[in-house]
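Descriptive analysis of the structure
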Amino acid sequence: MSAGPLIGISTYVEPGVRWGVWRLDAALLPAGYPRLVQRAGGLAAMLPPDAPERAAATVARLDGLVIAGGPDVEPVRYGAEPDPRTGPPARSRDAWELALIEAALDRGIPLLGICRGMQLLNVALGGTLVQHIDGHAEVPGVFGRHPVKPVPGTLYAGIAPEQTSVPAYHHQSVDRLGKDLIPSAHAEDGTVEAIELPAPAWALGVQWHPEMGEDTRVTQALVKAAHRGQPLPPHPRAIVPPPVP
């Protein structure tokens, strides 16, 4: 029985996390992410923030990469002033995940961005974000659901060709698309809900949270692409903004 391809998943690092009698800093990830990869047939490896210069060596050992959801991307990364409703920055995570994305695109390994991960993919390729939208995070700490409609002819439409109800929780969205990215799904209000690079690249971002639902098709497609064993042609070098001083 094949062990399946190794899929790295980026993580949080949080101070003062408590379990049992312990209260310590922790690298952590909601369990839905590794479970989603495992249910799709992959081996899950957690990737806590590290020095950005180590990203290429990290990605070289992976067959696929997931950039997980999390805090808002710092607006300076896409040349904007922070909106009062934008959350506090996670600078080490921004720098690490942008470097992971760049390394994955350079190496041509399959890449899936989830929520924040989709937004970072857009920023990595020179795009911008809308810092606040209403209606996509109705109750704090509770995932809602809404339909998304695929764009015919896209990678995502080939994975999920019908309109689908998805679990979602976000207050930011894609504004100007980054280099070569195309929208591949929309919400009913027109919000871009998925983006991707054209073939032969396999780089997809979804604004919703598949790890909170039962539909594993997106992750199955990632694992299938990673299982081929041969890197895809690299994308032209990502336009990653310099690290924040």
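Everything here concerns the structure above.
Attention in this report is confined to the structure presented alongside it. (Residues numbered from 1 in each chain as written. Predicted model: local features only at pLDDT ≥ 70, side-chain atom pairs only at ≥ 80, totals over all residues. Heavy atoms only, no water.)

Here's the deal with the overall build of the chain
Along its length, the chain carries 6 helices and 13 strands. A globule of 245 residues ought to have a C-alpha radius of gyration of about 18 Å, and the chain, at 17 Å, matches this closely. Seen through its principal axes, the chain has C-alpha atoms that stretch 40 × 40 × 35 Å. Taken across its 245 residues, the chain has 51% of its residues classed as buried. (Helix = DSSP H or I, 4+ residues; strand = E, 2+ residues; numbered from the N terminus. Rg over C-alpha atoms; globule rule 2.2 N^0.38 Å. Buried < 20%, exposed > 50% of the residue type's maximum accessible area, 1.4 Å probe, protein only.)

Remarks on the nonpolar core
In this structure, Leu65, Leu100, Ile101, Leu105, Leu111 and Leu121 are the most contacted members of the largest nonpolar core, which totals 32 residues. At the level of elements, α2 (55-59), β5 (64-67), α3 (91-107), α4 (116-124) and β12 (192-196) are the ones that each hand at least two residues to this core. No other element matches the 8 residues that α3 contributes to this core. Setting aside residues up to four positions removed in sequence, Leu100 forms contacts with Ser10, Leu47, Ala55, Thr58, Val59, Leu65 and Ile67. Counting residues in hydrophobic clusters, the runner-up holds 29 residues, among them Ile7, Val37, Val148 and Val223. (Core = buried A, V, L, I, M, F, W, Y, C linked by side-chain atoms within 4.5 Å. Contact = heavy atoms within 4.5 Å.)

Some remarks on the side chain of Gln207
Following the sequence through the fold, Gln207 ends up in the loop between β13 (203-206) and α6 (217-227). Here Gln119 takes part through its side chain, which lies 3.2 Å from a polar atom of the side chain of Gln207. Gln207 has contacts with Cys115, Met118, Gln119, His170, Gln172, Ser173, Val192 and Glu193, leaving out every residue within four places of it along the chain. (Polar contact = N/O pair within 3.5 Å; in protein donor to acceptor, adjacent residues only side chain to side chain.)

Concerning the side chain of Glu196
Structurally, Glu196 is set in strand β12. One polar contact links the side chain of Glu196 to the main-chain amide nitrogen of Leu155, over a distance of 2.6 Å. In terms of polar contacts, Glu196 uses its side chain to reach the side chain of Ser184, at 3.0 Å.

Points about α6
Within α6, burial applies to Val218, Thr219, Ala221, Leu222, Val223, Ala225 and Ala226. Looking at the buried side of α6, the elements it contacts are β1 (6-10), α1 (32-39), β5, β6 (111-114), α5 (155-159) and β13.

Notes on unusual backbone geometry
Along the chain, Ala199 connects to Pro200 via a cis peptide bond; the corresponding omega equals 10 degrees. You can see Pro200 is positioned in the loop between β12 and β13. Residues other than glycine seldom take positive phi values, yet Cys115 does so here, at roughly 55 degrees. Within the secondary structure layout, Cys115 lies in the loop between β6 and α4. At Asp180, a residue that is not glycine, the phi angle is positive and equals roughly 70 degrees.

What about the packing of aromatic side chains?
Applying the stated criterion across every chain, the model contains 1 aromatic pair. Ring geometry for Tyr156 and Trp208: centres 5.4 Å apart, planes at 65 degrees, overall edge-to-face. Linking Tyr156 in helix α5 with Trp208 in the loop between β13 and α6, this pair joins segments that are 52 residues apart in sequence. The residues Tyr156 and Trp208 share a single accessibility class, namely buried. It is Arg93 that lies over the ring of Tyr12; its NZ or CZ is 4.6 Å from the centre. (Phe/Tyr/Trp six-rings, centres within 6.5 Å; stacked < 30°, edge-to-face > 60°. Lys NZ or Arg CZ within 6 Å of the ring centre and 35° of its normal.)

Some words on the environment of Ala221
In this structure, Ala221 sits in helix α6. For Ala221, a relative accessible area of 16% translates into the label buried. As for Ala221 and Asp25, which are separated by 196 residues in sequence, their C-alpha atoms are 34 Å apart. Filtering out sequence-adjacent residues up to four positions away, Ala221 remains in contact with Ile159 and Trp202.

As for the sheet that holds β13
An order of β4-β1-β5-β6-β13-β12-β11-β8-β9 is seen for the 9 strands of this open sheet, with the pairing classed as mixed. Of all the strands in the sheet, the pair left with one neighbour each is β4 (43-47) and β9 (164-168). Sheet twist, expressed as the average angle between the axes of neighbouring strands with direction ignored, equals 25 degrees. (Pairing = 2+ DSSP bridges. Axes fitted to C-alpha atoms, helices over the stretch in contact; angles between N-to-C directions.)

A few points about the packing of α3 against α4
Two elements in contact, α3 and α4, have axes whose closest approach is 10 Å; the angle formed by their N-to-C orientations is 70 degrees. One element, α3, and the other, α4, form an angle in the roughly perpendicular class. Regarding α3 and α4, the two cross each other, and that crossing is right-handed. Between α3 and α4, the contacting residues are Arg93, Asp94, Glu97, Leu98, Ile101 and Leu105 on the first element and Arg116, Leu120, Leu121 and Ala124 on the second. Split into classes, the residues belonging to the contact of α3 with α4 amount to 6 nonpolar, no polar and 4 charged. (Parallel < 35°, antiparallel > 145°, perpendicular 65-115°, else oblique. Left-handed = near helix turned anticlockwise from the far one by under 90°. Nonpolar A, V, L, I, M, F, W, Y, C, P; charged D, E, K, R; others polar.)

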